[in-house]
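# Structural description and commentary
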Amino acid sequence: HHAEATDVTLSFTWSVLHGAPAPAPAATLVVTAVEAHGIPAADAAENSETKRMEGADPYVVFRLASEYGGSADNQAETTPVKNAANPSFDDRLELAVAAGLPRPLSLDVGIWDKDYHKDDDLLATQRIDLSTATSGLMRYHRINCPALAEGAEIKMLAFKWEIVDAEPADDDED
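What comes next concerns the included structure. (Residues numbered from 1 in each chain as written. Predicted model: local features only at pLDDT ≥ 70, side-chain atom pairs only at ≥ 80, totals over all residues. Heavy atoms only, no water.)

### Looking at the packing of aromatic side chains
- This structure, assessed with the given rule, holds 2 aromatic pairs.
- Aromatic side chains Y59 and W112 sit 6.4 Å apart centroid to centroid with 15° between the ring planes, which places their arrangement in the stacked category. Within this pair, whereas Y59 is found in strand β4 (residues 58–64), its partner W112 is found in strand β8 (residues 106–113), the two being separated by 53 residues in sequence.
- On the accessibility criterion, W112 (26% relative accessible area) is partly exposed.
- On the numbers, 5.0 Å between centres and 75° between planes, the contact of F62 with F159 is edge-to-face. Linking F62 in strand β4 with F159 in strand β11 (residues 153–165), this pair joins segments that are 97 residues apart in sequence. Like F159, F62 is buried. (Phe/Tyr/Trp six-rings, centres within 6.5 Å; stacked < 30°, edge-to-face > 60°. Helix = DSSP H or I, 4+ residues; strand = E, 2+ residues; numbered from the N terminus. Buried < 20%, exposed > 50% of the residue type's maximum accessible area, 1.4 Å probe, protein only.)

Spelled out as structure tokens, the structure:
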């Protein structure tokens, strides 16, 4: 004695709550309000009698980390500030962000000393992972300066950032 085979149709809906997000659209990373504190003196003084190190003429270079498509063609830098240990930069920097990159982004940030008679000196580099996918204020403390004296460091680098999507979503009326 056995039962007849029956066809069962099962229908269901499902959703993934914490799965992979939709690929991010092409966007622009905008960096503003860049400032640094405690940049070590890096320039040998022209006056050879004092042998005193003059202040640096710092500027900051932002580049997407290489796995996010960063390259020398896609980087932005602030205008140097002369003889400044605690420079504030007024520049508005923009980096192109290709579509489909994972977010949050990672940046490679270089702090340089502008030299007018020779090559610029790289004071420090730092990989900085942006904390969120869209915007924020970043403060990064104690960046080591391997090219300078032992223990030399930049006390803080801060900047504001925002990711502006190239194509705003159509139905995003909040």
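### As for the nonpolar core
- Core analysis: the biggest nonpolar cluster contains 35 residues, and L29, F62, L107, L157 and F159 have the highest contact counts within it.
- Secondary-structure elements contributing two or more residues to this core are β1 (27–37), β4, β7 (93–97), β8, β9 (121–129), β10 (135–144) and β11.
- Each residue touching F62, except ones within four places of it in the same chain, is listed here: V31, V34, Q75, A76, L93, L95, L107, D108, V109 and F159. (Core = buried A, V, L, I, M, F, W, Y, C linked by side-chain atoms within 4.5 Å. Contact = heavy atoms within 4.5 Å.)

### What about the environment of T28?
- Its location among the elements puts T28 in strand β1.
- On the basis of relative accessible area, T28 is assigned to the partly exposed category, the value being 24%.
- Between the C-alpha atom of T28 and that of E94, which follows or precedes it by 66 residues, the distance is 6.3 Å.
- Ignoring anything within four residues of it in the chain, the contact list for T28 reads E94, L95, V97, E162, I163 and V164.

### Some words on the environment of A24
- Within the fold, A24 resides in the segment before β1.
- Spatially, the C-alpha atom of A24 lies 9.5 Å from that of V97, the residues being 73 residues apart in sequence.
- Non-local contacts of A24, meaning those with residues more than four positions away in its chain, are made with A99, G100, L101 and R103.

### Remarks on the sheet that holds β8
- As summarised here, the arrangement of the 4 strands in space is β5-β4-β8-β9, forming an open sheet in which the pairing is antiparallel. Edge positions in the sheet fall to β5 (75–77) and β9, since each has one partner strand and no second. For this sheet, the mean angle separating the axes of adjacent strands, direction not counted, is 20°.
- Bridge count between β4 and β5: 3 bridges; the pairing is antiparallel. Counterpart to V61 in the pairing with β5 is E77. (Pairing = 2+ DSSP bridges. Axes fitted to C-alpha atoms, helices over the stretch in contact; angles between N-to-C directions.)

### Points about unusual backbone geometry
- For the bond running from R103 to P104, omega is -5°, close enough to zero to count as cis.
- Tracing the backbone through its elements, the reader meets P104 in the loop between β7 and β8.
- Despite not being glycine, A33 has its phi angle at roughly 55°, a positive value.
- Residue placement: A33 occurs in strand β1.
- Residue class for A33 comes out partly exposed when judged on its relative accessible area of 34%.
- The backbone of N83 sits at a positive phi, close to 50°, despite the residue not being glycine.
- Within the element layout of this structure, N83 appears in the loop between β5 and β6 (88–89).

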